[in-house]
Amino acid sequence: MSDFLSIKRELPELGIGLGLRRELAEQTLASTASIDWLEIVPENYMGLGGRARARLEAARRDFPIVTHGVNLSIGSTDALSEDYLRDLKELLNYVDAPWWSDHFCFTSHGGTYMHDLLPVPLNMEGARHMAKRARQAQAYVGRPMLLENISYYMQMPGSDLEEADFLSEVLERADIGLLLDVNNVYVNAINHNFDPYRYLDKLPLERTVQIHIAGHSHGPEMIIDTHGAPVIEPVFELLEYVLRRTSVKAIMLERDQNYPDFSEIIAELEQIRSIAGASNPLALRGKSA
Amino acid sequence: MPDLKSIQDTYLQLWTRREPREAALSSAAAAGDLDERGIRLYASLIEIGRLDLMRSIYPCIEALLGKKFKDLVLSYYECMPADHYNLNKSARRFSQYLQEHEPKLLERHPFIVELADFEWVELEVMEAAVQARNTQVSVPDLDDALAFASARPVLADVVYLRRYDYPVMSISKSLLDGEKLPRRVKKDETFMAIYRDMQNHECRFLELGELSFDVLTKLQENPETNYGELIKYAVNRCSDSAEETVQEFLNLINELKEAELIIGDS
């Protein structure tokens, strides 16, 4: 068994969580009965005070917190940013996060941040490069690291691996965990015309620590991972499929725009809880157990 | 096959710079090798993100420029790309960009640099990290002149002092209210304290007189300055009688305490 899989066994079971967003913060923080844990975007809190810090302090009092970053830029050819890792580590210590995550992508290059999740060429050069940096980042931070599969809207030149094979290479070489976004699997499967279940079967699902689930929107030619709509049934089905094959420590609903009445978010969380309970009753204890 | 770095070099250009993108996509030879739909989609996602951010931070500049705002934002990011992991901080050099690269806008709206600074400072005040202070805030006996003179005023955790040539606060209000600005906005020197409310972390704005501004500047430069030294400073730089200046100073301190810009004494 890899070191990471041994570590995974010891990680706490957080249950069903929600992203802490400024627009929903008040209702989120008041919903301790329905929300087991919170995920934060660390870049929105690192090195900041004032209202951001106050929100984090309030969250920390009542919820376990993990971070889900966007600017580690693990796929970039720039050197890993020491400033970023230092500030991230400080934040992780502050919230005592059991793990932390970022994405299989690059977000900065040549010192410029694009603040968007950009795809890398899916090939062995890229996989080795990403795995090496992931090992370095995990070692520096000193807490278990997960990377998330992104939605991507074009194939980068030089790609000669299927996405699932690329992710598997990185995960195994770096010996890190997977944050599996089932909505991203669905979005990519539609946009790039592949079978999402075959994709899932090729992944080392045993490395999945956390799952993201979200809604998406329809663009003129592609569907876009906006986190701005309710979760659709085929995405719930992917969640169920994964949960029948592996145990995970946490599931999180992403909702980042076009906010509905908060009761709709709570209802979606309950639906996720119900699927998790039915699929693998021992996998996630959460608040209802 | 190009290596990873050269691919990222190329696509950074294609996704974030309009001229190289259009040149590459319009070249018939290159276009066959490029995924135009994908490139345009990512360019659009990056642009939307930048535009949404700048709209949220600079609503007055957007109200002033209308449809031209989008082009300005894209030019800004092409000239001064984001150099920090925090998304908001990518907007911090906007006033500098206007000053250095937009002479025509400056000629038409000579207050625009100050207005951009004014809008940026609001966010900076709300988010600034501050070191926890050990200062014990107390209420000195104001009837005891010696005790008062040796006490030091304590400012709110985050205070930015600004001297503007234009009345940016009223310009900002007019723009947000949808009012049309006069064809030529006249200069009107304005002194401002922009600071963080210690309770709700919101930004507060206070217009100051010149003397108040100078006193606060002195205090900010040296937080150890006590009331006695501040009174002496005010008397020295004011042409009114000493008695009048002292009274004016005491009134000022009361006003600043009521506004919670001075949060106590130590």
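Caption draft 1: Region of interest: the overall build of chain B. When its secondary structure is counted, chain B shows 14 helices and five strands. Taking 18 Å as the expected radius of gyration for a compact globule of 266 residues, we find that chain B reaches 24 Å, considerably beyond that expectation. Seen through its C-alpha atoms, chain B measures out along the principal axes to roughly 85 × 45 × 30 Å. Within chain B, counting contacts between residues at least 6 apart in sequence, those at least 24 apart form 62% of the total. For chain B, the exposed area adds up to about 14100 Å²; of that, 48% sits on carbon and sulfur atoms. If you average the places of the 32 positive and of the 47 negative side-chain charges in chain B, the two averages end up 8 Å apart.

Caption draft 2: Representation of the sheet that holds strand β2 (residues 37-40) of chain A within the structure. Residues and elements named next belong to chain A. Read around the closed barrel, the eight strands follow the order β1-β2-β3-β4-β7-β8-β9-β12; overall the barrel is parallel. Direction aside, the axes of adjacent strands within the sheet are offset by 25° on average. Where strand β4 (residues 100-103) lies against strand β7 (residues 145-148), four bridges are found, and the strand directions are parallel. Each bridged residue has a counterpart across the sheet, and for His-103 the counterpart in β7 is Glu-148. Packing of helix α5 (residues 124-141) onto the sheet brings it into contact with β4 and β7, and relative to β7 it is tilted by some 140°.

Caption draft 3: Expanded view of the side chain of Asp36(A). All names here are of chain A. By secondary structure assignment, the location of Asp-36 is in the loop between α2 (25-29) and β2. A distance of 2.7 Å separates the side chain of Asp-36 from the backbone nitrogen of Ile-16, its partner in a polar contact. In this structure the side chain of Asp-36 is engaged in a polar contact, spanning 3.0 Å, whose partner is the side chain of Arg-273.

Caption draft 4: Region of the structure containing the pairing of strand β5 (residues 106-109) of chain A. For β5(A) and strand β6 (residues 112-118) of chain A, the ladder comprises three bridges, and the chain directions are antiparallel. Across the sheet, residue Phe106(A) finds its bridge partner in β6(A), namely Leu118(A).

Caption draft 5: Quick peek at the sheet that holds strand β4 (residues 203-208) of chain B. Residues and elements named next belong to chain B. If you walk across this open sheet you meet the three strands as β2-β3-β4, and the pairing is antiparallel. Of all the strands in the sheet, just β2 (159-164) and β4 have a single pairing partner and so form its edges. Between one strand and the next, the sheet's axes are offset by a mean angle of 20°, whatever the strand orientation. Pairing of strand β3 (residues 190-196) with β4, which is carried by six bridges, proceeds in the antiparallel orientation. Bridge pairing in β4 links Met-192 to Glu-207. Those strands touched by helix α12 (residues 210-221) are β2, β3 and β4, and its axis lies near 135° from that of β2.

Caption draft 6: Representation of the nonpolar core in the model. The biggest cluster of nonpolar side chains holds 105 residues, and the ones touching the most others in it are Ile213(A), Ile251(A) and Trp15(B). Those residues in contact with Trp15(B) that sit more than four places away from it in its chain are Phe106(A), Leu118(A), Pro119(A), Met154(A), Met156(A), Arg21(B), Gly38(B), Ile39(B), Tyr42(B), Ala43(B) and Ile46(B). Listed in part, the 32 residues of the second largest apolar core include Leu53(B), Leu65(B), Phe69(B) and Leu72(B).

Caption draft 7: Highlighting helix α3 (residues 50-62) of chain A. End to end, α3(A) covers 19 Å across 13 residues, agreeing with the expected 18 Å (1.5 Å per residue, within 8%). Of the positions making up α3(A), those classed as buried are Gly50(A), Ala52(A), Arg55(A), Leu56(A), Ala58(A) and Ala59(A). Among the structural elements, α2, β2, β3 (65-68) and α4 (82-95) of chain A together with α9 (112-127) and β3 of chain B are those in contact with the buried residues of α3(A).

Caption draft 8: The interface of chain B and chain A, seen in detail. With 36 residues of chain B in contact, the opposing surface of chain A contributes 43 residues. Taken over both partners, the interface formed by chain B and chain A buries close to 3500 Å², and the fraction arising from carbon and sulfur atoms is 66%. Per-residue buried area on chain B facing chain A is highest for Leu4(B), Tyr42(B) and Tyr85(B); these three make up 24% of the total on that side. Taken together, the connections running from chain B to chain A amount to one salt bridge. Note that Arg51(A) and Glu127(B) form a salt bridge whose closest N and O atoms lie 3.9 Å from each other. Applying the counting rule to chain B against chain A returns 13 residue pairs in polar contact (both at pLDDT 80 or more).

Caption draft 9: Representation of a negative patch on the surface. Residues and elements named next belong to chain B. Residues Asp-240, Glu-243, Glu-244 and Glu-248 make up a contiguous surface patch of negative charge. Secondary-structure assignment places Asp-240 in the loop between α13 (227-237) and α14 (242-258). Residue class for Asp-240 comes out partly exposed when judged on its relative accessible area of 37%.

Definitions and limits used
- Residues numbered from 1 in each chain as written.
- Chains lettered and ligands numbered in written order.
- Predicted model: local features only at pLDDT ≥ 70, side-chain atom pairs only at ≥ 80, totals over all residues.
- Heavy atoms only, no water.
- Helix = DSSP H or I, 4+ residues; strand = E, 2+ residues; numbered from the N terminus.
- Rg over C-alpha atoms; globule rule 2.2 N^0.38 Å.
- Contact = heavy atoms within 4.5 Å.
- Areas by Shrake-Rupley, 256 points an atom, 1.4 Å probe, with all protein chains shown as cover.
- Lys, Arg positive; Asp, Glu negative; His and termini not counted.
- Charge placed at Lys NZ, Arg CZ, Asp CG, Glu CD.
- Pairing = 2+ DSSP bridges.
- Axes fitted to C-alpha atoms, helices over the stretch in contact; angles between N-to-C directions.
- Polar contact = N/O pair within 3.5 Å; in protein donor to acceptor, adjacent residues only side chain to side chain.
- Core = buried A, V, L, I, M, F, W, Y, C linked by side-chain atoms within 4.5 Å.
- Buried < 20%, exposed > 50% of the residue type's maximum accessible area, 1.4 Å probe, protein only.
- Expected span 1.5 Å × (residues − 1).
- Buried area = accessible area lost by both parts, 1.4 Å probe.
- Salt bridge = Lys/Arg side-chain N within 4 Å of Asp/Glu carboxyl O.
- Patch = residues over 30% accessible without salt bridge, like charges linked within 9 Å, V, L, I, M, F, W, Y side chains within 5 Å.

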